[in-house]
Amino acid sequence: MTTPAPAGVGPAALLSVRDLTVTFGRGAHAVSAVDAVSFDIVAGETLGLVGESGCGKSTTGRALMRIVTPTAGTVELDGVDITHQRGRALRRTRTRMQMIFQDPISSLNPRRRVRDIVAEPLDCWRQMRGPERDAFIDDLLLKVGIDPLTHGDRYPRSFSGGQCQRISIARSLAMRPQLLICDEMVSALDVSVQAQILNLLEDLKAQYGLTLLFIAHDLAVVKNVSDRVAVMYLGRLCEIGPSTTLYESPAHPYTTYLLGAALEADPTSRARPDVLEGEPPSPLNPPSGCRFRTRCPRASDRCASETPALREVAPGHRVACHFPLVRVVDDGA
Amino acid sequence: MSATPERTTSATTAPVASEPVLLSVRDLTTTFATNAGPLRAVDGVSFDLGREEVLGVVGESGSGKTVLSRTIMGLLARSRVTVSGSVRLDGVEIVGASENAMRQLWSTRVAMVFQDPMTSLNPVMRVGHQIDEVLRVRLGLSRTAARARSLELLSLVGIPSPAERYRAYPGQLSGGMRQRVVIAIALAGAPALLLADEPTTGLDVTIQAQILNLLDDLTARLHMSVVLVTHDLGVVATRTSRIMVMYAGRVVESGPTADVFADHRMPYTRALLECSPRVSNAPHTRLAAIPGRPPNLAALPAGCSFAPRCAYATERCHREVPALVETTTPGHQYACWNPLPARGGPRP
Ligand SMILES: Nc1ncnc2c1ncn2[C@@H]1O[C@H](COP(=O)(O)OP(=O)(O)OP(=O)(O)O)[C@@H](O)[C@H]1O
Ligand SMILES: Nc1ncnc2c1ncn2[C@@H]1O[C@H](COP(=O)(O)OP(=O)(O)O)[C@@H](O)[C@H]1O
Ligand code: SF4
Ligand code: SF4
Ligand SMILES: [Mg+2]
Ligand SMILES: [Mg+2]
């Protein structure tokens, strides 16, 4: 471990990520998708992960699941280094961490019945058989709001997007995981169905004592479910802190713009936020020093020469910026 | 607002620029013949759009927003589709107009921006040439004049180094840049009416803010009227003067934006607002989810289409379709048998 554990986070971290780095390709074609990202997730909490398209949110999630291999850094689950696990140990770890994806329909095997899709991980590990297994699966389906009697033997194509997402959730819970990584799990759903799935997720989280990494680009959705939020930009972590603190007084210039652009369904809200001009640079050739400096109005020479480290500005609120925004907490100015 | 349809069956009237209303839609109904029977994707929609006005059309997926836009644009295939009612643009009737007559209007009178820029761009043609083509075919510009104008349009929509981007293929551009190109194409003929169908859906919030600001600026600068179609209430909240809420092909509530947000009368409007997560919510705020999901238009329930999901539904709701009725606020209408009380106390 090169970075010390974040202050304000006790020993109860279920997941500890240190300097996680994922680089795709080599040499001139190397894409720096995730660069030295460190964070903890405490058992029972939801950490939201936000940032613009391509900033490395999914790659982070996939690296934790070892769907992609980290180039550097360590990942510890419950104090055990899982970064280099292979074979049976890795498969065992994967039952304790599950991932749910955006596209609910294509992430389910179209040729299998719903009941068997949900039971797949159980069958794979031969954990339960016969009536015990069937009862367990029926119960899981009921918990996610799918009637096992009328719908258990159907195929995914006869379900709507929201129902498929319910089935994905049931499957992910079959092995009783500790950590769920939700990657844009409600992004493709209509707002009325999205609310149902988010409520369901909150209920199941409480019921199963789950810990969540909730990846999404929708800032309102993330605020609604997360205890803490982490912001990424071009592969790096900019800021991490308690949701309310981060949304009310962001300290990183990028976070300010990102949150400023979020639209509230309220005609009295600010019509024209300060807009961040341009687009993120290519991860093939990221800027030196602070990766946000090419768009940052506060950038100075130091930002080009020195990579800002993640520093604490308030308890549990950490920022990677040489010149973080001054937080005015008391006088309401 | 009178809903008396002014029925005209052919393109007869010449544009009357002095009229305050640019677009007048009456009782517009679009029906697809499907294997499951007739599917009424747009059902009796009426509205007026003033000059330089921005109207928001909101609704969940499948509520008929895209079909409405394509019907107004005259873009639907002619087989297996029946359109009735009236759409008059500058007094010219569009319903029943020939494709040739529509071509006269496309780009110079009315243009459309589609949700997915990739589907409206040709992937194997340089983006500059795609803009040139519109300018040459629709406006009759020469090759050189078209190129010069294309470059102007690319910079008008905020594309940096237009000369370089002119030569790019759509696949070489980011989603935000592609949407700017699509907007450039739509603006090529300086249309009076822009139909923007989910122009920012799928884009990052930062890029969405850029594109919405761009549309704002262009609307003012080019004196356009805009129909802004979206499923996102946040998009219409501050960018429109009026909104129309659609459910299952029908307008269920419409009126001045501020009024519809603050004093909605139709339960679906309220449900839609309340189930949307807010940035201002505290973590773990329970959302007021709407049970069930939007109906299948090929098998609509009798009566109010929202009845199976509505907490206020009574027996009548399952039998009779409620008509739009006026509130005391001018232009604010709703369709509901059991409306919410007017300004029923402060809403969260
Ligand atoms: N297998 C891969 N090979 C090469 N580059 C990749 C690969 N997977 C991802 N990338 C690149 O890594 C970067 C991060 O991608 P990632 O999918 O993690 O972003 P994201 O934050 O999840 O974006 P989105 O919001 O669009 O889902 C991007 O530049 C992407 O193009
Ligand atoms: N060409 C078509 N043939 C049959 N049904 C269609 C066709 N186009 C759209 N529909 C149906 O019309 C309804 C409204 O669709 P659409 O306007 O695309 O909704 P929205 O844009 O509000 O999401 C949907 O039920 C859709 O399946
Ligand atoms: S380190 Fe410099 S460039 Fe980076 S966000 Fe802070 S001020 Fe801006
Ligand atoms: S008409 Fe009846 S079912 Fe429809 S919204 Fe009103 S109360 Fe609900
Ligand atoms: Mg992703
Ligand atoms: Mg649509």
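Structure report, in brief. The written sequence of each chain sets the order in which its residues are numbered from 1. Each chain is given a letter, starting from A, and each ligand a number, starting from 1, according to the order in which they appear as written. Whole-chain, interface and lining totals are the exception, using all residues; otherwise, since this is a predicted model, local features are given only for residues with pLDDT of at least 70 and side-chain atom pairs are given and counted only at 80 or more. The basis for every side-chain value is the complete set of non-hydrogen atoms in the structure, without hydrogens or water.

The subject of this paragraph is the overall build of chain B. Secondary structure is summarised from DSSP: a helix means a run of H or I of at least four residues, a strand means a run of E of at least two, and numbering begins at the N terminus for each. When helices and strands are tallied, chain B shows 11 helices and 12 strands. Burial status follows relative accessibility: with a 1.4 Å probe on protein chains alone, a residue under 20% of its type maximum counts as buried, one over 50% as exposed, and anything between as partly exposed. For chain B, the proportion of its 348 residues judged to be buried stands at 54%. The contacts of chain B with a sequence gap of at least 6 include a subset with a gap of at least 24, amounting to 65%. Computed with a 1.4 Å probe, the accessible areas rest on the Shrake-Rupley method; for each residue, only the protein chains presented here act as cover. Total accessible area on chain B is roughly 14,400 Å²; 54% of this is exposed by carbon and sulfur atoms. Residues scored as positive are Lys and Arg, those scored as negative are Asp and Glu, and His as well as the terminal groups of each chain are ignored. Lys charges are placed at NZ, Arg charges at CZ, Asp charges at CG and Glu charges at CD. Across chain B, the mean location of the 35 positive side-chain charges is 5 Å away from that of the 29 negative side-chain charges. Contact between two residues is taken to exist if any of their heavy atoms lie within 4.5 Å; hydrogens are not considered.

Turning our attention to the sheet that holds strand β10 (residues 250-256) of chain B. All names here are of chain B. Pairing between strands is defined by DSSP: at least two bridges between them are needed. Reading across from one edge, β6-β7-β8-β3-β9-β10-β12-β11 is the order of the 8 strands in this open sheet, with mixed pairing throughout. The outermost strands of the open sheet, each flanked by one partner alone, are β6 (110-113) and β11 (325-326). The pairing of strand β9 (residues 242-247) with β10 spans 6 bridges and is antiparallel. Residue pairing in the sheet places arginine 242 in a bridge with proline 256 of β10. Together, β6 and β7 (193-197) form the strand contacts of helix α7 (residues 175-187), whose direction differs from that of β6 by roughly 170 degrees. Here the axes come from fitting lines to C-alpha atoms, over the contacting stretch only for helices, and the angles between their N-to-C directions go from 0 to 180 degrees.

Attention now moves to the nonpolar core. Counting residues in hydrophobic clusters, the biggest one holds 134 residues, and the most contacted among them are Phe214(A), Phe47(B), Leu68(B), Ile72(B) and Leu193(B). For this core, the leading source of residues is helix α7 (residues 191-208) of chain A, giving 9 residues. Among all residues touching Leu68(B), those that are not within four sequence positions of it are Leu28(B), Val42(B), Val45(B), Phe47(B), Val57(B), Met244(B) and Met246(B). Nonpolar core, defined: a set of buried Ala, Val, Leu, Ile, Met, Phe, Trp, Tyr and Cys residues in which side-chain atoms within 4.5 Å join the residues together.

Right, let's get into the site of ligand 2. Residues and elements named next belong to chain B. Nearness of a residue to a molecule or strand requires only that one of the residue's heavy atoms be within 4 Å of it. Around ligand 2 sit 13 residues in total, of which Gly62, Gly64, Lys65, Thr66 and Val67 are the nearest. Any pair of N or O atoms that falls within 3.5 Å is considered a polar contact. Within protein, one atom must be able to donate a hydrogen and the other to accept it, and sequence-neighbouring residues count only if both atoms are side-chain atoms. Glycine 62 places a polar main-chain atom, nitrogen or oxygen, 2.7 Å from an oxygen atom of ligand 2. The side chain of threonine 66 places a nitrogen or oxygen atom 2.6 Å from an oxygen atom of ligand 2. Coverage of ligand 2 by the protein chains reaches 62% of its 560 Å² of free accessible surface. It is helix α1 (residues 65-73) that contributes the most residues to the shell around ligand 2, 3 residues altogether. In terms of residue class, the shell around ligand 2 is built from 5 nonpolar, 6 polar and 2 charged. Classification convention: Asp, Glu, Lys, Arg as charged; Ala, Val, Leu, Ile, Met, Phe, Trp, Tyr, Cys, Pro as nonpolar; all other residues, Gly among them, as polar.

Each partner contributes residues to the interface: chain B has 47 residues there, and chain A has 49 residues. Buried surface at the junction of chain B and chain A, summed over both partners, amounts to about 3,800 Å²; 54% is from carbon and sulfur atoms. Whenever a carboxyl oxygen of Asp or Glu lies within 4 Å of a side-chain nitrogen of Lys or Arg, that contact is scored as a salt bridge. At the junction of chain B and chain A, the tally comes to 1 salt bridge. Linking chain B to chain A there are 22 residue pairs in polar contact (both at pLDDT 80 or more). Of all the elements in the fold, those that place two or more residues in the side of chain B that touches chain A are α7, α8 (205-222), α9 (233-237), α10 (257-262) and α11 (267-275) of chain B. Broken down by element, the side of chain B that touches chain A gets its largest block of residues, 10 residues, from α8(B). Residue composition of the side of chain B that touches chain A, by class: 22 nonpolar, 16 polar and 9 charged. Accessible surface is computed with a 1.4 Å probe, and the buried area is the amount of it that two parts give up when combined, taken over both parts together.

Residues and elements named next belong to chain A. As a matter of local geometry, ligand 1 sits amid 13 residues, with Ser53, Gly54, Lys57, Ser58 and Thr59 nearest to it. Measuring from an oxygen atom of ligand 1, one finds a backbone N or O atom of cysteine 55 at 3.3 Å. Of all elements in the fold, only β2 (31-42) and α1 (57-64) reach the threshold of two or more residues within the shell around ligand 1. Of all the elements, α1 adds the most residues to the shell around ligand 1, at 3 residues. Here the shell around ligand 1 is composed, by residue class, of 5 nonpolar, 5 polar and 3 charged.

Limitation: the analysis is restricted to geometry and does not speak to function.
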